[in-house]
Amino acid sequence: QVQLVESGGGLVQAGGSLRLSCAASGRAFSRYAMGWFRQAPGKEREFLAGVSWSGGYIYYSDSVKGRFTISKDNAKNTVYLQMNSLKPEDTAVYYCAADINNPGVPRRSTLYDYWGQGTQVTVSS
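S.K.: I'm lost on the sheet that holds strand β1 (residues 4–7) in this one. Help?
M.R.: Spatial strand order, β1-β3-β8-β7: 4 strands in an open sheet with antiparallel pairing. Edge positions in the sheet fall to β1 and β7 (68–73), since each of these pairs with one other strand and no more. Looking at each pair of strands side by side, their axes are set apart by 15 degrees on average, direction ignored. Two strands pair when backbone bridges link them, and strand β3 (residues 18–24) and strand β8 (residues 78–83) are joined in this way by 6 bridges, in the antiparallel orientation. Its bridge partner lying in β8, Leu-18 is registered against Met-83.

S.K.: What is the right way to look at the environment of Ser-109 in this model?
M.R.: Within the fold, Ser-109 resides in the loop between β9 (92–100) and β10 (114–115). The partly exposed category is assigned to Ser-109, whose relative accessible area is 28%. Ser-109 sits 10 residues away from Asp-99 along the chain, and the two C-alpha atoms are 9.7 Å apart. Not counting residues up to four positions away in its chain, the partners in contact with Ser-109 are Phe-37 and Trp-115.

S.K.: What should I look at first to understand the state of the cysteines in this one?
M.R.: Covalently bonding the sulfur atom of one cysteine to the sulfur atom of another cysteine gives a disulfide. Applying the stated rule across the entire model yields 1 disulfide. A disulfide bridge connects Cys-22 with Cys-96, and the sulfur atoms are separated by 2.0 Å. On the sign convention where negative is left-handed, the bridge of Cys-22 and Cys-96, at about 55 degrees about the S-S bond, is right-handed. A residue pair is termed long-range when its members are at least 10 positions apart, and Cys-22 in strand β3 and Cys-96 in strand β9 qualify at 74 residues. The residues Cys-22 and Cys-96 share a single accessibility class, namely buried.

S.K.: Before we go on, may I ask you to explain the pattern of salt bridges in this structure?
M.R.: Side chains bearing opposite charge may pair, as long as their charged atoms lie close to each other. For the coordinates displayed, the defined rule picks out 4 salt bridges. A salt bridge links Asp-62 to Lys-65; its shortest N-O distance comes to 3.4 Å. With respect to class, Asp-62 is no different from Lys-65; both count as exposed. Taken together, the shared-partner salt bridges connect Arg-38, Glu-46, Arg-67 and Asp-90 into one network.

What counts, and at which threshold
Residues numbered from 1 in each chain as written. Predicted model: local features only at pLDDT ≥ 70, side-chain atom pairs only at ≥ 80, totals over all residues. Heavy atoms only, no water. Pairing = 2+ DSSP bridges. Helix = DSSP H or I, 4+ residues; strand = E, 2+ residues; numbered from the N terminus. Axes fitted to C-alpha atoms, helices over the stretch in contact; angles between N-to-C directions. Buried < 20%, exposed > 50% of the residue type's maximum accessible area, 1.4 Å probe, protein only. Contact = heavy atoms within 4.5 Å. Disulfide = S-S within 2.5 Å. Salt bridge = Lys/Arg side-chain N within 4 Å of Asp/Glu carboxyl O.

Worth remembering: the numbers are spatial, not functional.
Printed below as a string of structure tokens:
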């Protein structure tokens, strides 16, 4: 069983930055593909960014490309999402997810095996 715990959410003004962290349990973190998703009220869960288990492959959705950066620290069992130039439309609950033993970067939420509890990000205008 893998547990994922997100942190770093909060309230920020438009144009500001936040860094989300997702700490994972388990000794095989180096074989987890990791993804970040978000879900706003009344909307579907949206893929934002993903990184392969090696860190060699990274994908971003068009909505965050150039503003958000995902990184994976296998030594700390942690994946990060650096979010810059935040906009009010970025307001949502942000989730990290793990896909075990997948060398690629899945972008569909149904392909992920484990999810964190989510952290709220609110961007004021």
